[in-house]
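Below are the chains, spelled out letter by letter.
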Amino acid sequence: MSAGRLDGQVAVVTGAARGVGELLARKLSARGAKVALVGLEADELEAVAGRLHTECAHWYADVTDDAAMARVAQEAGERFGRVDIVVANAGVAAGGPVEGSDPDAWRRVIEVNLIGGAVTARAFLPALRRSHGYFLQIASLAAIVPAPMMSAYCASKSGAEAFAHCLRAEVAHQGVRVGVGYLSWTDTDMVRGADRDTVLRELRQRLPWPANRTYPPGPAVDRIVAGIERRAPQVYAQWWLRGTQPVRGYLPGVIARGAGRELRRFGPRLAEMGQGLVGAGGAADEAARGRRAAGGTRGA
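So, a few notes on the structure that sits alongside this text.

Calculation criteria
- Residues numbered from 1 in each chain as written.
- Predicted model: local features only at pLDDT ≥ 70, side-chain atom pairs only at ≥ 80, totals over all residues.
- Heavy atoms only, no water.
- Helix = DSSP H or I, 4+ residues; strand = E, 2+ residues; numbered from the N terminus.
- Buried < 20%, exposed > 50% of the residue type's maximum accessible area, 1.4 Å probe, protein only.
- Pairing = 2+ DSSP bridges.
- Axes fitted to C-alpha atoms, helices over the stretch in contact; angles between N-to-C directions.
- Core = buried A, V, L, I, M, F, W, Y, C linked by side-chain atoms within 4.5 Å.
- Contact = heavy atoms within 4.5 Å.
- Parallel < 35°, antiparallel > 145°, perpendicular 65-115°, else oblique.
- Left-handed = near helix turned anticlockwise from the far one by under 90°.
- Nonpolar A, V, L, I, M, F, W, Y, C, P; charged D, E, K, R; others polar.

With phi around 55°, His-132 is a residue other than glycine that occupies positive phi space. Examined against the element boundaries, His-132 turns out to sit in the loop between helix 4 (103–131) and strand 5 (134–138). For His-132, a relative accessible area of 54% gives the class exposed. Non-glycine residue Met-149 carries a positive phi angle of around 75°. Topologically, Met-149 is positioned in the loop between strand 5 and helix 5 (151–171).

This is the structure in structure tokens:
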């Protein structure tokens, strides 16, 4: 990837401490963009900032906190003078049956993945109007395919997709473009954390090809960067995801029939599935909420 395609532009990436967000920040920087990193792991954000090629800054903030994100938007605008690109990438996941699930973890998935994207957009829309910029909401294959044992994640990503479509219609006349990014299973801490649950891992392995594969993050993020450069309305991190769109209306019935057979096969093992947020990012989110509950904060 050659530098220069995004020279002088300022990109904000949430969930930038690790995974897709971290790699996206590096690749945007390699294309010449200045980058504002937002996340809940101050030390990791600082480490990411040290690996970037262009001017950058980082903010510790919870994307579900309206006041915190408004502060980030104001300070990022003051620091860089403008904001051209905002990527609502922050996300968490939890798996397992709805019945018996941890209500707090289930609700938190909705809060971060759906409400967090809306809070991020609301905070940065004034800056994007001024720059005629681009907002990219990271969704997922989960927005298209309703997967059993992933109800909170699928609901949150479906909602995030719908939110982005609504936002696109609201702000197009103001010169702001809005896109939705779709990713299948990509080799990140979140997916590796989910795979530590043997039932989730085995269920995923029994999905039809190519949905049962774990994909390397590099090519996926390259496609996201290319979509950002084009200000694309849809960005597909894996080539085959585009082909799911024409048939998505048929998928719930097909999946429900197949899932019944699979879940009967797993039987009582379903009750043994983990209930909390998965992966290192999930652990960071739980730790941050624990600090807030105890009255402590940490900024960057």
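So, on to the pairing of strand 2 (residues 34–39). Burial analysis of strand 2 places five of its six residues in the buried class, the great majority of the element. Bridging between strand 1 (residues 10–14) and strand 2 involves five bridges; their strand directions are parallel. Residue pairing in the sheet places Ala-11 in a bridge with Val-35 of strand 2. With five bridges joining them, strand 2 and strand 3 (residues 56–60) adopt parallel strand pairing. Its bridge partner being in strand 3, Val-35 is matched across the sheet by Cys-56.

Adjacent strands of a sheet form backbone hydrogen bonds with each other and so pair up, either parallel or antiparallel. Judged by pairing direction, the sheet is parallel, and its seven strands sit side by side in the order 3-2-1-4-5-6-7 without closing on themselves. Two strands in the sheet have a free side with no partner beyond their single neighbour: strand 3 and strand 7 (234–236). For this sheet, the mean inter-axis angle between neighbouring strands, taken without regard to orientation, is 15°.

Turning our attention to the nonpolar core. What tends to happen in soluble globular proteins is that the nonpolar side chains get buried as a cluster. Counting residues in each nonpolar core, the largest one holds 62 residues, and the members touching the most others are Met-69, Phe-124 and Phe-135. In terms of residues, this core owes the most to one element, helix 4, which gives ten residues. Ignoring any residue separated from it by four or fewer positions in sequence, one finds Phe-124 in contact with Val-12, Met-69, Val-72, Ala-73, Ala-76, Val-83 and Val-86. Core analysis: the next-biggest nonpolar cluster, separate from the first, contains 32 residues, Leu-6, Ala-16, Leu-24 and Ala-25 among them.

Next up on the list: the packing of helix 3 (residues 66–80) against helix 4. Geometry of a packed helix pair, given as the angle between the helix axes and the separation of the axes. Two numbers describe how helix 3 lies on helix 4: the axes approach to 9 Å, and their chain directions differ by 40°. Between helix 3 and helix 4, the interaxial angle falls into the category oblique. Considering the relative orientation of helix 3 and helix 4, their crossing is right-handed. In contact with Asp-66, Met-69, Ala-70, Val-72, Ala-73 and Ala-76 of helix 3, helix 4 contributes Val-119, Thr-120, Arg-122, Ala-123 and Phe-124. Here the contact of helix 3 with helix 4 is built from residues that sort into eight nonpolar, one polar and two charged.

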